[in-house]
Amino acid sequence: MAVDAVVSVVLQKVTDMLRGQSLTQNKLLVYEVQEIMKSLDSMRNLIMISTKEISLQDWCLEDVYMVEDQIEKFALSVVRRRKIFGFLANHIFLIDNLKSCIKIHYKIKETLMKLKRPEHPESTLTIQVLNEGKQEDKSFETRVTDHVSFSYTCDEEVMQIVGIKEQFQQTKQMSSFCYKEEEMGIFGLKEDVDTLVNRLTNDYEHVVLIVGQGGVGKTTLARAIYKNRDVKQNFLFRFWVSMLGDYTTKDILLKVLKGMDSMTDKASNKDDVEALKLKVSEYLKDKRYLIILDGANSFSILEDIKEAFPDVKNGSKLVLTSSQKIEMETTEGGLFSHCMMPLGEDDSWKMFKEKVGREKNWDLVSDESKQAVLMSCKGLPLNIILLSGLFSMTEISRWSRIFSCMQNSMDVVSLCYNDLSDNLKVCLLYLVLFPKEYDIPVRRLLRLWLAEGFVTHNSTEVLLQDIAQTYFEELVNRNMIQISKLRSDNSPRRCFLLGVLHDYLSLKAKETNLFHTCRNLINGEGVPSQNVRRMVEYESPKRDQVSKKQFRTEMSFHKNSLSKSSSFKNLRSYTSFYHRQPDYMQASRIRNFLENIVNDGFGLLRVLDLEGVYKPFLPENIGNLCNLRYLGLRSTYLDGLPPSVGELTHLETLDLKHTCIDELPCSIWKLKKLQHLHLNEMRLNMQPHSSMRLLTLWGLFLDKKVPLKDGLDKLNYLRELGITFFLTSNQEDLLNWITELSDLRSLRLQSKDNLGHPSKLVFRSMSKLGQLSHLNLLGSLEKLPEYNEFPPTLKVLTLSISLIKDDPMQTLGQLPCLTVLRLLGQSYIGKKMVCTKGGFSRLKVLKMWMLKELESWVVKEGSMQSLKHLEIRCCEKLQRIPTTLLQQPQLENLVLTGMPDTFTTDVVERNKSNHISMTIKHWKFPPLPASY
């Protein structure tokens, strides 16, 4: 049950918090804290087997939340007192601290007594018996080795199709995802794809409907045709709309308009539906378009939108997926309905076995077990995918236990969820906080898990963020999380929950009071009556603009109502997905909301995530939120921060990327627990604290005013470093520091002069950086370094304005791990490039932009044999693409932008086999700044 998982994680979190709380050397207080931790451990063990009575769980959750609140408030009071009284605080407030501990211990003992009452027979076991029972078989728990590294490989074209199959392998030093098209593909849908591609690319019906029951693969099929090569080449404009929840016609039209670059600034929520319909139809009237509306659930939707998407007889298509059959007699050109049916038993079993793998072990599976799988899956690909994920992550010796569970429960989603460890359950539940089908940045998700305290240490030598990474990896391998977007090196950038899982987990989250959602922050209806632990705000599609008078009335009402409400006294996080721009009223609402929380002493907030909210106002005394771990202000366009931000003593993540903030208070370096700092080319003057364990420092601006020696060189644990610098004399000191950062995985160096133009860049051998996989260099190099001066593990290399005169390809071709190479504007200023035999053995992505002098490019036989994606932009003198490259069967995608017509015509003619998907763009780019 979700309640058990939340209780277990909460108790572990507060135990860890007490363990890390240095209070005083007073033996009496130390003893009391130790007794509290013992009691918490006993409570957790007792609750772990008290899973049968729902009533027990309900009151138990409430009591555990109360214990959590008391412990965190106690810890918060200790921190606040230390800020004022320093080391004397522990002695001055010894009696108060002791009283608080006794009160907490009493509450825990009271809860334990309830658990052991006779009316709960399963609770009469003693703690000793429970501890013995801990050795029993439990669900798979994530294992983390002392040294963890991760690598990902996959095919971006198929990542959004449901059915990812990864063969999970956990070795001593590496765990990897492997996404392969032949493994995940579109099992059993080849005929469906062929039928629909034919319908879309030929002059048939204007409206195509894909119908079938939930989980049968409607979205999978729609995504397959949406990404099909023939479909891509047939339509000038393609757009995907996920129709979620209580969507309206206006929502659909606004989403489509946002996909039209030229219309973005003209579409407004102020427009009425008829005006929006006219804008959409005007934009599309001369274009052959494909619009996919995924998740239509209303019979009237086609009538509502037909004026916006008229059939102008040019081959344009409107595709809808629905669980209901939609009929519409008035649709001109008719409607084609494609009904999807569940898979037959043979196909279901074949798909299940292929997804699980382990071919040599299927003879051990009995006919009864096979029938249990087939009955549970019901021919639905979604069920097969989830169940295969469960089996693939389970030791074969434990398969019999799963088969036994399947006989008692036919609900595959519940079976897969219940098999997760407690931490994984809570981490998965947390994804429901994001809107349905929302593309969640993996970076953001993992750091939120950490800030919320959901990730538990299982080894003192492993960083928590590595453990969080293994949590994510396991959930992906179990097919509980889907990857929606990849980075250039094929590591996950964004992810999402399938709609069916989102619906299921939403009920679980509600059971545990994990968070409260609202669609209109802080008006009279926005203040909940229950005790809110996490507040999530979504933009209301029905919300209209209000006048200034109405706004003042609303804010006055809200301020009074919130000040009288205790609903937020235990608030742990506030996240807003209100991204309407510009909206200063919303910014004021957020400020008033936060001011009330701070001023009323509701200081337990751990997460303040305003990413994407337009210029939210932050209260000046935000530093009083001593418990804050995560402050996300990315893409808010803020131009300043309150000085008190340097007082957030527990802050772990501060994200200011894509803001207008150009200065931070010097006290930022006092934040000893800060691990991730994302800036926007900002100068930080004060020296870092020697005890800082910063892992990410991105967007720092460095000049001679910022000390290197006895300054930045104190940061020895960095994994990600991005620096823009203006250094005329001491680049050597900078490189000396960087080459000693043994944990560095990603590095970006940009050398600019005082006018912001690219400048000279000194390169020092990075061969000792054994974990560096991403390197981005901007600035002129005297010469390209030798291949053995690059990091041996380099996977992604980006060069910009390097002004290299000698052919770089022979050197770069020897890099053993290179998978992505970007040669951007003026990185090479020579006329000829030659790729020798055997070079670039692992290269999959090559981008060449604005190499203005390049005329000839030779790729010899046996070179670049793994290349899948080639992109050439504005290389105006380049005569042709090497024939050896065009003939390679591995090359799948070719993008030509701003290339001469003669060049593109030549490529098209030589690609007669049409095995390469080509995209030709005619964008114009502004000239590059003058380089020096």
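Residues numbered from 1 in each chain as written. Predicted model: local features only at pLDDT ≥ 70, side-chain atom pairs only at ≥ 80, totals over all residues. Heavy atoms only, no water.

Caption draft 1: Layout of the overall build of the chain. Summing up its helical and strand segments, the chain has 28 helices and 30 strands in all. Sequence-distant contacts, at least 24 apart, represent 65% of the contacts inside the chain between residues at least 6 apart. Carbon and sulfur atoms make up 49% of the accessible area of the chain, which amounts to about 40,300 Å² in all. (Helix = DSSP H or I, 4+ residues; strand = E, 2+ residues; numbered from the N terminus. Contact = heavy atoms within 4.5 Å. Areas by Shrake-Rupley, 256 points an atom, 1.4 Å probe, with all protein chains shown as cover.)

Caption draft 2: A look at the sheet that holds strand β8 (residues 335-339). Ordered by their spatial adjacency, five strands build an open sheet running β5-β6-β7-β4-β8, and the pairing between neighbours is parallel. Strand pairing shows two members of the sheet lacking a second neighbour, β5 (237-242) and β8, which therefore form its edges. With strand direction ignored, the average angle separating the axes of adjacent strands in the sheet is 15°. Pairing geometry for strand β6 (residues 289-294) and strand β7 (residues 317-322), over five bridges, is parallel. Counterpart to D294 in the pairing with β7 is T321. This element, helix α11 (residues 249-258), spans β5 and β6 of the sheet and lies at about 140° to β5. (Pairing = 2+ DSSP bridges. Axes fitted to C-alpha atoms, helices over the stretch in contact; angles between N-to-C directions.)

Caption draft 3: Quick look at the environment of R494. Along the polypeptide, R494 turns up in strand β11 (residues 492-496). Taking relative accessible area as the criterion, R494 reaches 28% and is therefore assigned partly exposed. Along the primary structure R494 and R443 are separated by 51 residues, whereas in three dimensions their C-alpha atoms are 8.3 Å apart. Those residues within four positions of R494 in sequence are excluded, and the remaining contacts are D439, I440, P441, V442, Q482, I483, S484 and K485. Polar contacts involving the side chain of R494 include one to the main-chain carbonyl oxygen of D439, which spans 3.1 Å. (Buried < 20%, exposed > 50% of the residue type's maximum accessible area, 1.4 Å probe, protein only. Polar contact = N/O pair within 3.5 Å; in protein donor to acceptor, adjacent residues only side chain to side chain.)

Caption draft 4: Structural context of the packing of aromatic side chains. The full count for this structure, using the stated rule, is 17 aromatic pairs. For the ring pair Y417 and Y504, a centre distance of 5.9 Å and an interplane angle of 70° mean the geometry is edge-to-face. Placement of the pair is Y417 in helix α18 (residues 412-418) and Y504 in helix α22 (residues 499-511), with a sequence separation of 87 residues. Here Y417 matches Y504 in class, with each residue buried. An angle of 75° between the planes, with centres 5.5 Å apart, marks the rings of Y430 and F454 as edge-to-face. Here F454 lies in the loop between α20 (442-452) and α21 (464-477) and Y430 lies in helix α19 (residues 422-430), a separation of 24 residues in the sequence. This pair shows no difference in class: Y430 is buried, exactly as F454 is. An aromatic cluster of at least three residues, connected via ring pairs, comprises W349, F352, F391, W399 and F403. Here K287 stacks its cationic end above the ring of Y283, 4.1 Å away from the centre of that ring. The ring of W849 has R873 sitting right over it, with the charged end atom 3.9 Å from the ring centre. (Phe/Tyr/Trp six-rings, centres within 6.5 Å; stacked < 30°, edge-to-face > 60°. Lys NZ or Arg CZ within 6 Å of the ring centre and 35° of its normal.)

Caption draft 5: Structural context of the environment of D419. By secondary structure assignment, the location of D419 is in the loop between α18 and α19. There is a polar contact of 3.1 Å between the side chain of D419 and the side chain of R478.

Caption draft 6: Representation of the pairing of strand β22 (residues 774-778). Looking at chain direction, strand β21 (residues 746-751) and β22 are connected through five bridges and run parallel. Directly across from R748, in β22, lies its bridge partner N776. Of the strand pairs in this sheet, β22 and strand β23 (residues 796-800) are connected by five bridges, and their pairing is parallel. Paired with L775 across the strands is L797, a residue of β23.

Caption draft 7: Focus on α20. Of all eleven residues that make up α20, eleven are buried, and the element is covered over most of its length. Two residues or fewer past α20, G453 is found with a positive phi of approximately 85°.

Caption draft 8: Region of interest: the side chain of T575. Mapped onto the elements, T575 comes out in strand β14 (residues 573-577). Excluding its chain neighbours within four sequence positions, the residues that come into contact with T575 are L433, R444, M535, V536, E537, V607 and D609.

Caption draft 9: Focus on the confidence of the model for the chain. Here the chain averages 79 in pLDDT, while 78% of its residues score no lower than 70. When the criterion is pLDDT under 50, residues 542-547 qualifies, and its contacts beyond four places in sequence or with other chains add up to 15 contacts. (pLDDT = per-residue confidence, 0-100.)

Caption draft 10: How the structure looks around the sheet that holds strand β9 (residues 440-441). Spatial ordering of the open sheet is given by β9-β11-β10, a layout of three strands whose pairing is antiparallel. In this open sheet, the two edge strands, each paired with only one partner strand, are β9 and β10 (482-486).

Caption draft 11: Spatial organisation of the pattern of salt bridges. Taken as a whole, this structure holds 32 salt bridges when the rule is applied. Here K277 makes a salt bridge to E274, at a shortest N to O gap of 3.7 Å. Residue K277 and its partner E274 are both found in helix α12 (residues 273-284); the two are separated by three residues, about one turn of the helix. Judged by relative accessible area, which is 46%, E274 ranks as partly exposed. We note a salt bridge from R534 to E452, for which the minimum N-O separation is 3.1 Å. Taken together, the positions of R534 in strand β13 (residues 534-538) and E452 in helix α20 put the pair 82 residues apart, joining distant regions of the chain. Like E452, R534 is buried. The network of salt bridges with common partners includes E68, D69, E72, R533, R572 and R606. (Salt bridge = Lys/Arg side-chain N within 4 Å of Asp/Glu carboxyl O.)

Caption draft 12: Quick look at helix α28 (residues 901-910). Buried residues of α28: F903, T904, D906 and V907, and no others. Projected down its long axis, α28 shows its buried positions confined to an angular sector of 160°, all on one face. Exposed positions of α28 whose direction lies more than 90 degrees from the buried face are D901 and T902. Considering only its buried residues, α28 is in contact with β28 (869-873), β29 (893-897) and β30 (917-921). (Arc of directions from axis to C-beta.)

Caption draft 13: A look at the packing of helix α14 (residues 345-356) against helix α16 (residues 381-392). α16 packs onto α14 with a crossing angle of 35° between their chain directions and a minimal axis gap of 8 Å. Here α14 runs over α16; the crossing is right-handed. On α16, the residues touching S348, M351, F352, K355 and V356 of α14 are P381, I384, I385, L387, S388, F391 and S392. Each residue belonging to the contact of α14 with α16 can be placed in one class, and the counts come to eight nonpolar, three polar and one charged. (Left-handed = near helix turned anticlockwise from the far one by under 90°. Nonpolar A, V, L, I, M, F, W, Y, C, P; charged D, E, K, R; others polar.)

Caption draft 14: Representation of the nonpolar core in the model. Grouped together as the largest cluster of nonpolar side chains are 109 residues, with contacts concentrated most on W857, I872 and I881. The leading source of residues in this core is helix α24 (residues 584-599), at five residues. Residues contacting I872, with those up to four places away along its chain left out, are M848, W857, L878, I881, V895, L896, T897, M899 and F903. Among the nonpolar cores identified, the runner-up in size contains 105 residues, and F434, I440, L448 and L505 belong to it. (Core = buried A, V, L, I, M, F, W, Y, C linked by side-chain atoms within 4.5 Å.)

Caption draft 15: Local environment of unusual backbone geometry. Phi at H658 takes a positive value of approximately 60°, unusual for a residue other than glycine. Within the secondary structure layout, H658 lies in the loop between β17 (653-655) and β18 (676-683). Here H658 falls in the partly exposed class, since its relative accessible area comes to 42%. Phi at M850 takes a positive value of approximately 55°, unusual for a residue other than glycine. In this structure, M850 sits in the loop between β26 (845-849) and β27 (856-859).

Caption draft 16: The side chain of N234, seen in detail. Here N234 lies in helix α10 (residues 229-234). Those residues in contact with N234 that sit more than four places away from it in its chain are L200, T201 and R288.

Caption draft 17: Looking closely at the packing of helix α15 (residues 367-377) against α16. Where α15 contacts α16, the two axes come as close as 8 Å, and the packing angle between them is 135°. By the angle between their axes, α15 is oblique relative to α16. Residue-level contacts link V373, S376 and C377 of α15 to N383, I384 and L387 of α16. Taken together, the residues of the contact of α15 with α16 sort by class into four nonpolar, two polar and no charged. (Parallel < 35°, antiparallel > 145°, perpendicular 65-115°, else oblique.)

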